[in-house]
Structure formats: C-alpha cells, structure tokens
Amino acid sequence: MTTSTAPARAESPRARAWRRLRKNHLAGSGLVLVAGMALACFLLPSLLHLDPTTTHPALRHQAPSAAHWFGTDGLGRDYAARVLTGGQTSLLVGLVATLTCVVIGVFYGAVAGYYGGRVDEVMMRFVDFMYGVPYMFLVILIMLMFSESARGDPVPVFVALGLVEWLTMARVVRGQVLTLREREFVLAARLLGASDARVIARHIVPNVLGIVTVYATLTVPTVIILESFLSFLGLGLKLSWGQLVSEAVGVVNPVAVYWWLLAFPSFFLAVTLLCLNYVGDGLRDAVDPKGR
Amino acid sequence: MSAVEVGAIAAGVGMLAGVAWLPPKATRVIGSIFGGALVFGVARGGLGVTGGVVAGALLAVLLARFGPNTVLRRVTFLLPSLLLLVFVTTLLMYHAPGSPFAGEKVATPQVEAALRAHFGIPKSAVEFFWIYVRRLVVDGSLGPSVKVQGRMVETLLRPALPVSIALGLLSLVLAAAFGLALGIRAGLKPNSAADYVATGLSAIGLSLPSFVIGAILIVIFSLKLGWLPVAGWGDLRHLVLPAVTLALPYAAYIARLARGGTIEVMSQDFIRTARAKGVPEAAVVLRHALKGAILPVVSYLGPAAAGIMTGSFVVETLFGIPGMGQWFVRGAINRDYSMVLGTALVYASLVTAFNLVVDLAYAWLDPRVRSDA
C-alpha cells in the first residue's frame, strides 16, 4: 500500500477505494466488531464446551449468573450456548443467501445489460414484475416447495431468501454494465475475437465487482432480518438469532419478566446488523463517492 | 414442470415485454381499456354489475382523455402482470408438496375427485388456472375457500381488507412524517447534536426486527404503564402500537433518505441565490429546499408500501389483528389455494395502486419526468 514509491503512476481505483475506506473509522470498527462476533460464535461454543441442546428441568428460567452467563431458557438450556450457536446459523444463512443472490443477480444483470435492447427489455420487465409482488409472499411460497421434514433446515431458508433478494443486485449490475459495454476495452476484446461469454466473464464482471461487494454487504443484514420474520411466523430456522428473539417475544407476559431471553439475542442481532450496515455504507462511499 | 407450464410462463413474460413496445397511441387506447376493466372488476364487488360497468367506462374515458403517459403505461403493464402473478403462484402451490385435501382422514380417490370437482381444483395446474381466471372474470369471484367450508374467499377477506388498509396507511403516514421531520432536521445541520441523534435513532430502527420493537413497546406502554391495550382490534387505541411498530423501520430509512436529499439540496446554487436576495431562512427551507429533499423519499414510498404489506404479516400476528396477513399465512400453510391467490391478488393490487399514486405525485413534484412519453 505504499503508493509514494511510484508517484508518477495514477492510483488504481481499487487502491483509492481502499484508502478511502481506511479513513472511515465507523466502517472500520464495524468490520472489526462483525469479525469478532463471527469468531465468538464459531469458536467459543466448542472452546468452552457449551451445549445448546441439553435440558436441565431443575434450572428453568435462571437469570444470568457465573455458571450461565446469559441465564437459561424455559427448558433449562444454557442460553449463552444457544445465542452463540444461533449466531452461527444466522451468519451462515446471511452469507449463503447473499452469495446466492450475488450469483443470480450478477449473471442476470450482466446478461441483460450486455445484450441490451429487447433481451434487456424482457429481462428487466420480469424484475419490475417481481418488485411489485410483496416479497414475503414469495419467500413463504418458495419455502413451501420443500417438504415438511425440511422445516427448520437452513437450505430452504437461504434458497428462498436468495431467490427473492437478487432483484436490486440485478438492477444495479445491469445499470453498470450498460455503460461498461460501450467502453473501448470491451470493443478491443471483441475485435480480438473474444466470445460474448468470455467478454462478460473476463472483462465485464470484474469491473462490477466493486459495486457488487457494496450491495452484497448491505444484503446480509436484510437477509438476517427476513429470516427473523420467517422464524416469527414459524417458518424459519430451528436455532438462530431470529428464532431465539421470536421465541422470547412469545413469552413476554405481565407476571414474570425473563428479560435475558429477549435482551441477549436482540443485542447480538442488532449489533451485527448495525455494523454490517455501517460497513456497507463505508464501502459505498469508498467505491462510489458520488453514488447515494 | 411440464412443457405447457414453461411455455405459459414464457408467454406471460413475453406479454409483459410486448406491452413495453407499444407505441404511445396504442398505450393510450389499451391502457384506458385495461384501466376501465380493472375498475369494473373492483367496483363490481360493491356496486353490482351495472354500477361496475358505469364506473369502469367512466374511468376509461377519463384515462383516455386526461391520463398522463407514464400512468397509462403502468396501467397497461398491470393486467398482464396480475395474470402472470396468478399463474406463477398457481405453479408454486401445485409443485409444493401436499394438497388442500391432504388431512388426517385419508379420502378415497372417488371422494377426493368429487371434492376437487366441487372446489374447482383439478390435478393440473394449467386447468386450475383457467377455471380460476374464468370464475374471476365471469362471476367476479375469488372462489370458494377449501379450509373455511361454505365461504367464498371474498366474503372472508372483505372484513379484513379495511383493517389491513387502515393499519398500512397509518403506518405509511407515520413513517413519512417521522422520517421527514427527523431527516430534514438532521440534514439542515450535518454533524450537529440533532444529526447524531437522528442518525443514531435511524440506525437502531434499521437493525432490530420490528417485532422486537413491538414487544418492547408492549412491555412499556401496555404492561408497565397500562396506557394502551396489549393486542386485539376494536377502537383507535388498538391501532397505535401496531402502526408505530410497523412504521419505525421505514421511518428510519426515510430519515436517512431525507437527510441525504436535504444536504444535497442545501448545497445548490439556487439556495445561495435565495439567501443572497434576503429570503428568510424558514422560507428558504420550506419553499425551495423541501421539494428537493423529499424527492428521493417519494420514489421510495412505492417499495415502502410493499414492505409495509410484508411487515404487516408479522405485526398482525404479534398484535392479534384480524387483517389479511393472517389469512395469507394460514392459507399458505394449509394449502388453501384460492385463499392464497385471493390474498396475493389483493396485495398486489394495493401495491400497484399505491405505486400509481406515487408516480403521479412524482410527476407533479419533478417536472423533468413529466414530459417524456
């Protein structure tokens, strides 16, 4: 990262974006926090031998203590273990569903933008149409395509969420590709006899990856929130932050307050989403300072 | 999926795309006819067939005479997309495991065949689609519910629709009002204390699921303070907490948009000109800056409406509100095909109708989009 050694050479867009991102402390601390959160969720349960499933009927609804940091739930399970393991699935679903929609969105948007004209018209009309349908509606319908026994598995959830969330990605990529395809390097590649597939894969897609990263980072929190909605409606994962939070909301009552059931998963969920949003905003400002 | 189904989807998307290539004149004619037909379909439920015809014809004439091109284009897009929506939903439901007739009691093939014939749910998705659309067009009916026996879907949805609309509209108004107030105030003085409060609040609103916020509101206002009812439906007091819960995430996002819009507008030359010629600061903001600041918000209102509909599934469940969301969720889980399609159609129509209003508002606010065909 020492650009000073070659002052005559112009800074590459990637280096410039990286430099801008480094200056953004909010995004930087967000990134560190999310990474720390992910490490904690994936490493701590096995390091501390936490068990999210064993029930202790004698220890139901224990408030946080030295033995159980986050207390226990209604079946006497250690809540710290549940929150951390739930974080694994939440983060994983967020990541995998986002990857699904990156793959679909980039491919769809690149093809529509590269061919343009009628192909573009037909493909983007379909996207417009999908935008008009309330997405929760589609998510639930796609979830139903999986058998009853798969209820609670991560696969249906991230397939359904990935299949719904790619629309914005496709729109953004298509808009970028529409201008990229007019550039000289694309013309040069075609003159050299490169096929359409090669031009798209080697010349177009690498040039949209910056903006794709930005929107992918902003998609992860959306997906995690949507999963919590599904959990609330009884269609989500077996164990995730969303599921823990919705379970805790279900036992809110005026007689006994089990605040830790709601507080810990909500806190983890909110901090992760907040950080991811800041990282995404920081990336956007770094990659595309005028785009807002 | 069979070849017929794939072909039908291709035809549907082709129809959507074809609409986009219609020349402006054809768009005027077809758009007016489609608009009239849609109003006839909606008005028939309340006014009867003659009333529907009158209302439909009236709107068609009005559209042909006064409708702006952008609106007509949207209307021509509407009918094919509703058809495609019905077809795609049908396919998804038919390919999902289970059927509306799968229950604890295993029906004999003869009984199941009789039931399928009675409810108009044949084994083939394409046949079902035709029966459904014919019933919709000829009788103006959304079909019998399989699970709530002896009732039509429209009679079940009719009491739920005003509930959902009241909740959705109030939330949208709240979101816009809160969001604009917060965002513009923050945008007028970036990096001030007010700005940090506003951006902080909106960050929290965006990172907690609405049902958590709702639960916290219930604990504070219903259980601790006892000011508002916990759940249920009846008078206005029941509407407050759900509407606030539903509105908060959107208020947060609108605040961000309005803040960005305000900052951008305030750095424009015409603002400096207005100040230089001595316009008082309040007038600068209200007369000159406000329009520019709310433009990005107005274009977000369409997606926000769709999102609020989605959120209402969750909020209606949390507060036990007898709205349409519950009918949809229950219908989807029970494989009540006509119920799912009925709610889908009503939701999609609400969202598109709202998008139309947003388009009109946008054209009125921003003359640049008004002129193009």
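What counts as what
Residues numbered from 1 in each chain as written. Chains lettered and ligands numbered in written order. Predicted model: local features only at pLDDT ≥ 70, side-chain atom pairs only at ≥ 80, totals over all residues. Heavy atoms only, no water. Helix = DSSP H or I, 4+ residues; strand = E, 2+ residues; numbered from the N terminus. Buried < 20%, exposed > 50% of the residue type's maximum accessible area, 1.4 Å probe, protein only. Contact = heavy atoms within 4.5 Å. Areas by Shrake-Rupley, 256 points an atom, 1.4 Å probe, with all protein chains shown as cover. Lys, Arg positive; Asp, Glu negative; His and termini not counted. Charge placed at Lys NZ, Arg CZ, Asp CG, Glu CD. Buried area = accessible area lost by both parts, 1.4 Å probe. Salt bridge = Lys/Arg side-chain N within 4 Å of Asp/Glu carboxyl O. 1 Å grid on protein atoms, 1.4 Å probe; cavity = no way out; pocket = protein on both sides within 12 Å on 5 of 7 lines; lining within 4 Å. Points joined across faces, edges and corners; volume = space filled by probe spheres on them. Domains from an automatic or database assignment. Core = buried A, V, L, I, M, F, W, Y, C linked by side-chain atoms within 4.5 Å. Phe/Tyr/Trp six-rings, centres within 6.5 Å; stacked < 30°, edge-to-face > 60°. Lys NZ or Arg CZ within 6 Å of the ring centre and 35° of its normal. Expected span 1.5 Å × (residues − 1). Bend = angle between axes of the 7 residues up to and from the residue. Axes fitted to C-alpha atoms, helices over the stretch in contact; angles between N-to-C directions. Parallel < 35°, antiparallel > 145°, perpendicular 65-115°, else oblique. Left-handed = near helix turned anticlockwise from the far one by under 90°. Nonpolar A, V, L, I, M, F, W, Y, C, P; charged D, E, K, R; others polar. pLDDT = per-residue confidence, 0-100. Patch = residues over 30% accessible without salt bridge, like charges linked within 9 Å, V, L, I, M, F, W, Y side chains within 5 Å.

Attention now goes to the overall build of chain B. Each helix and strand counted, chain B has 13 helices and 0 strands in total. Starting at the N terminus and ending at the C terminus, chain B contains elements arranged as α-α-α-α-α-α-α-α-α-α-α-α-α. Counting only C-alpha atoms, chain B reaches 85 × 60 × 40 Å along its principal axes. Per-residue burial for chain B yields a buried fraction of 48% across its 373 residues. Put simply, of all contacts in chain B between residues at least 6 apart along the chain, 72% involve residues at least 24 apart. Carbon together with sulfur atoms contributes 70% to the accessible area of chain B, which is approximately 17,600 Å² in total. Taken as two groups, the 29 positive and 16 negative side-chain charges of chain B have centres that lie 5 Å from each other.

Counting secondary structure elements, chain A contains 10 helices and 0 strands. A total of 292 residues make up chain A; the buried ones form 50% of that total. For chain A, contacts bridging at least 24 residues in sequence account for 71% of all contacts bridging at least 6. For chain A, the exposed surface amounts to about 14,000 Å²; the carbon and sulfur share of it is 65%. A distance of 9 Å separates the average location of the 24 positive side-chain charges in chain A from that of its 18 negative side-chain charges.

Interface size is commonly expressed as the accessible surface area that is lost when the partners come together. Taken together, the 46 residues of chain B in the interface contact 44 residues of chain A. Approximately 4,100 Å² of surface area, both sides summed, lies buried where chain B meets chain A, with 80% of it carried by carbon and sulfur atoms. Counting every contact that joins chain B to chain A gives 1 salt bridge. Linking R256(B) and D281(A) is a salt bridge whose minimum nitrogen-to-oxygen distance equals 3.2 Å.

The element helix α9 (residues 241-250) of chain A is largely enclosed, with a buried count of 8 among its 10 residues. Residues W241(A), G242(A), Q243(A), L244(A), V245(A), S246(A), A248(A) and V249(A) constitute the buried set of α9(A). Those residues of α9(A) that are buried lie in contact with α2 (25-47), α3 (79-115), α8 (196-232) and α10 (259-287) of chain A together with α8 (210-224) and α11 (281-319) of chain B.

With that out of the way, let us pick up the side chain of D120(A). Examined against the element boundaries, D120(A) turns out to sit in helix α4 (residues 117-132). Leave out the neighbours within four places in its chain, and D120(A) touches A112(A), G113(A) and R174(A).

Attention now moves to the layout of surface pockets. Residues and elements named next belong to chain B. Roughly 1,600 Å³ of volume is contained in the second largest pocket. In terms of lining residues, the second largest pocket is bounded by 44 residues, among which L38, G41, V42, L82 and S349 are the most central. Elements with a minimum of two residues in the lining of the second largest pocket: α2 (24-66), α3 (69-95), α5 (125-138), α6 (153-188) and α13 (337-365). The leading source of residues in the lining of the second largest pocket is α2, at 13 residues. When we break the lining of the second largest pocket down by domain, the ones giving at least three residues each are domain 1 (3-143) and domain 2 (160-372).

Moving on, we come to the nonpolar core. Formed by 151 residues in total, the largest nonpolar core has its most connected members in I140(A), L161(A), L230(A) and F211(B). Ignoring anything within four residues of it in the chain, the contact list for I140(A) reads L230(A), L233(A), L235(A), F313(B), F328(B), V329(B) and A332(B). Judged by nonpolar contacts, the second largest core, of 20 residues, contains A110(A), V173(A), V199(A) and I200(A).

All names here are of chain B. Here the domain parsing of chain B yields domain 1 (3-143) and domain 2 (160-372). Computed over C-alpha atoms only, the centres of domain 1 and domain 2 are separated by 30 Å. The partner domain 2 presents 17 residues to the 24 residues of domain 1 that form the contact. Summed over both partners, the interface of domain 1 with domain 2 comes to about 1,900 Å²; 75% of that surface belongs to carbon and sulfur atoms.

Moving on, we get to the packing of aromatic side chains. Residues and elements named next belong to chain B. One pass over the full model with this rule turns up 15 aromatic pairs over all chains. Taken together through their ring pairs, the aromatic side chains of Y94, F128, Y132 and Y337 make up a single cluster. The ring of W327 has R330 sitting right over it, with the charged end atom 4.9 Å from the ring centre.

The next thing to look at is α11(B). End to end, α11(B) covers just 44 Å across 39 residues, shorter than the expected 57 Å (1.5 Å per residue, more than 12% under). In α11(B), a bend of some 55 degrees at A289(B) exceeds every other bend along the element.

Moving on, we come to the packing of helix α5 (residues 135-144) of chain A against helix α12 (residues 324-334) of chain B. Running from amino to carboxyl end, α5(A) crosses α12(B) at an angle of 15 degrees, the nearest separation of the two axes being 10 Å. Comparing the axis directions of α5(A) and α12(B) gives the class roughly parallel. Once α5(A) is placed against α12(B), the crossing between them reads as right-handed. Where α5(A) abuts α12(B), its residues F137(A), I140(A) and L144(A) lie against F328(B), V329(B) and A332(B).

A few words on the packing of helix α9 (residues 237-266) of chain B against α11(B). All names here are of chain B. At their nearest, the axes of α9 and α11 sit 7 Å apart, and the two run at 150 degrees to each other. As the angle between them shows, α9 and α11 are arranged roughly antiparallel. Of the two possible hands of crossing, α9 and α11 adopt the one that is right-handed. Broken down by class, the residue content of the contact of α9 with α11 amounts to 21 nonpolar, 7 polar and 1 charged.

On to the confidence of the model for chain B. Keep in mind that low pLDDT regions are not for reading the predicted coordinates in detail. Scored by pLDDT, chain B comes out at a mean of 80, with 96% of its residues at no less than 70. Listed scores for the predicted complex are pTM 0.81 and ipTM 0.76.

Residue and element names in this part refer to chain A. On the surface, L39, F42, L43, L47, L48, W69 and L92 cluster together to form a nonpolar patch covering roughly 720 Å² of accessible area. The dominant element in the nonpolar patch, judged by the number of residues it contributes, is α2, at 4 residues. Residue placement: L47 occurs in helix α2.

Its place among the elements puts S246(A) in helix α9. Once you skip the residues sitting within four places of it in the chain, S246(A) turns out to touch S231(A), F232(A) and F211(B).

All names here are of chain A. Relative to the assigned elements, Y258 resides in the loop between α9 and α10. In this structure Y258 comes out as partly exposed when scored by relative accessible area, which is 24%. With 196 residues separating them in the primary sequence, Y258 and Q62 have C-alpha atoms 8.7 Å apart. Residues contacting Y258, with those up to four places away along its chain left out, are H61 and V251.

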